[in-house]
Amino acid sequence: MLGPVLLAAARSDGIRRLVAAAPVTRPVVDRYIAGEGLGDAMSAVRALTGRGLDVTLDHLGEDITDPAEARRNRDAYLALCDALAAEGLAERAEMSVKLSAFGQALPGGHDVALANVTPVVEAAAAAGTTVTLDMEDHTTADSTLAVLAELRRSHPQTGAVLQSYLFRTEDDCRALAGEGSRVRLVKGAYKEPASVAFQDKHEVDRAYVRCLGILMAGRGHPMIGSHDPRMVAIAQELARRTGRKPGDYEFQMLYGIREAEQRRLADEGHRMRVYVPYGTDWYGYFMRRLAERPANLAFFLRSLATR
Ligand code: FDA
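Everything numeric in this text was worked out from a predicted model, so none of it was measured.

Counting residues in hydrophobic clusters, the biggest one holds 85 residues, and the most contacted among them are Ala41, Val97, Val117, Val120, Leu185, Cys211 and Val276. Counting residues per element, this core draws most heavily on helix 6 (residues 109-127), at eight residues. Apart from the residues within four sequence positions on either side, Val120 is in contact with Arg74, Tyr77, Leu78, Cys81, Val97 and Val131.

Below is the structure:
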């Protein structure tokens, strides 16, 4: 029951101020976030790639309401791209972007977001890496997939995220299962109404398996974004049945979650990519991680109580 409350809190400015001001929040946040600056992000990239893991970097930010902030977020990704290229890490590290950080919710949001994300996609291609568009709440899905379609005309390697909790996603998987497409399949992290999304966890899991079946049988590059051991095992079985080699798909998990499993999969020869968030705007991301697992909330509350 706590999950929906935390997801609602993730969008509350009042609670954001309270949580950000709590003196104990930072150590808990640090479990999930690589740090605030580009230097912290690059240290995490070096450490993870040194251990045989690949990376996707998220410069934290979402739901911006000011065009200047969208441009600052674009510039942060351009600087990240330069840093990856300068250190020869572009082959191992790609970038994940949220279009709401690029102006998607502003008036004319589709064009604003496309104008801001295009230079990032171009810089990524020039540096030898790629961009994946994160998926946010369901009201943004059509716009995000439309931006994806436009970007893929010139940069077909641009990736997308699909969320198995949405009723629409099996159709979206079919549409994006073709040659060259890169799709990260996740269960979904936002509070969605029963009119558009499964509410029952088992239904979401069953939908995940159906979607995975479509992507693994297709000709694209499926990216299995889940910490769920059953989904990881099913993906391996589907890869075996469809004759996919380790480089033809990849596993993805979030920074700080199931790290031993991340290393185990990499050691077994799988491509294992870690999603590394960094930056100062960590609140929404952090609250979604708390909502996913009651034990995380207990950890957070315990740290408050022991101060
Ligand atoms: P599930 O929630 O069923 O958890 C399975 C097991 O994983 C748990 O029992 C626990 O062991 C572990 N676990 C899961 N979450 C944990 C946590 N927070 N802390 C500690 N342990 C945890 N969503 C979205 O809507 N849009 C997006 O763009 C993305 N992008 C994205 C990228 C990547 C690389 C990943 C892995 C996930 C996302 N997500 C996302 C989040 C996703 O939708 C989902 O909320 C989480 O991955 C949790 O779902 P699981 O599939 O891991 O399974």
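Bringing unusual backbone geometry into the picture now. In this structure, Asp63 takes a positive phi of about 55° despite not being glycine. Tracing the backbone through its elements, the reader meets Asp63 in the loop between strand 1 (54-59) and helix 5 (67-86). The class of Asp63 is partly exposed, set by 15 C-beta atoms lying within 10 Å. Of note, the phi angle at Arg258 is positive, near 50°, even though the residue is not glycine. Among the structural elements, Arg258 can be located in the loop between strand 7 (250-254) and helix 11 (259-267). Judged by C-beta crowding, with 16 C-beta atoms within 10 Å, Arg258 ranks as partly exposed.

What follows concerns helix 5. The end-to-end C-alpha distance of helix 5, which contains 20 residues, comes to 29 Å, matching closely the 28 Å that a straight helix rising 1.5 Å per residue would cover. Inspection of helix 5 places Ala70, Asn73, Arg74, Tyr77, Leu80, Cys81 and Leu84 among the buried residues, and these make up the whole buried set. Down the axis of helix 5, the buried side of the element spans an arc of 115°, and every buried residue falls inside it. Looking at helix 5, the residues exposed on the side facing more than 90 degrees away from the buried face are Ala68 and Ala86. Contacts from the buried residues of helix 5 go to helix 4 (38-50), strand 1, strand 2 (93-97) and helix 6. Positive phi appears at Gly88, one or two residues downstream of helix 5, with a value of about 65°.

The next thing to look at is the pairing of strand 8 (residues 272-278). Burial of strand 8 is extensive: six of the seven residues sit out of reach of the surface. With four bridges connecting them, strand 7 and strand 8 associate as parallel partners. Residue Phe251 lies in a different strand from strand 8, and its bridge partner there is Met272. Crossover handedness for the path strand 7 to helix 11 to strand 8: right-handed.

Once that is clear, we can look at the sheet that holds strand 5 (residues 182-186). If you trace the eight strands once around the closed barrel, you get 1-2-3-4-5-6-7-8, paired in parallel fashion. Recorded for the sheet is a direction-independent mean angle of 30° between the axes of neighbouring strands. Where strand 1 and strand 8 come together, six bridges link them in parallel fashion. Across the sheet, residue Leu57 finds its bridge partner in strand 8, namely Val276. Against the sheet, helix 5 makes contact with strand 1 and strand 2, and its axis sits at roughly 155° relative to strand 1, the strand it touches most. The strands that helix 9 (residues 201-217) touches are strand 4 (159-163), strand 5 and strand 6 (221-225); relative to strand 5, the one it contacts most, it runs at about 165°.

This part is about the site of the ligand. Around the ligand lies a shell of 24 residues, among which Asp134, Val186, Ala189, Ser226 and His227 are the nearest. Every element with two or more residues in the shell around the ligand is listed here: strand 4, strand 5, strand 7 and helix 12 (283-292). It is strand 7 that contributes the most residues to the shell around the ligand, three residues altogether.

What follows covers the pairing of strand 4. Most of strand 4 is tucked away, with five of its five residues classed as buried. Of the two faces of strand 4, the one holding Gly159, Val161 and Gln163 and the one holding Ala160 and Leu162 are both buried throughout. In terms of strand pairing, strand 3 (residues 131-133) meets strand 4 through two bridges, oriented parallel. Opposite Leu133, over in strand 4, you have Ala160 as the bridge partner. Handedness of the strand 3-helix 7 (residues 141-154)-strand 4 crossover: right-handed. As defined by bridge partners, strand 4 adjoins strand 5 across five bridges and the pair is classed as parallel. By the bridge assignment, Gln163 is partnered in strand 5 with Val186. The parallel pair strand 4 and strand 5 is bridged by helix 8 (residues 169-175), and the resulting crossover is right-handed.

Rules used throughout
- Within each chain, residue numbers correspond to sequence positions counted from 1 in written order.
- Only residues with pLDDT of 70 or above have their local features reported here, since the model is predicted, and side-chain atom pairs are shown and tallied only from 80 upward, although totals for entire chains, interfaces and linings are computed over all residues.
- In this usage, the nonpolar core is the set of buried Ala, Val, Leu, Ile, Met, Phe, Trp, Tyr and Cys residues whose C-beta atoms join them within 7 Å.
- Every C-beta atom is placed from the backbone, and the number of other C-beta atoms within 10 Å of a residue's own sets its class: buried at 20 or more, exposed at 12 or fewer, partly exposed in between.
- Every helix listed is a DSSP run of H or I at least four residues long, and every strand listed is a run of E at least two residues long, numbered separately from the N terminus.
- Remark: residues whose backbone-derived C-beta atoms lie within 7 Å of one another are considered to be in contact.
- Working rule for helices: expected span equals 1.5 Å times residues minus one.
- The reported arc concerns the directions from the helix axis to the C-beta atoms and nothing else.
- At least two bridges found by DSSP between two strands are what make those strands a pair.
- Handedness is read with the strands pointing away from the viewer; a crossover is right-handed when the path from the first strand over the helix to the second is clockwise.
- For helices, the fitted line uses only the C-alpha atoms of the stretch in contact; every axis is such a line through C-alpha atoms, and the angle between N-to-C directions lies from 0 to 180 degrees.
- Each residue gets a C-beta atom placed from its backbone. If that atom is within 6 Å of a molecule or strand, the residue is near it.

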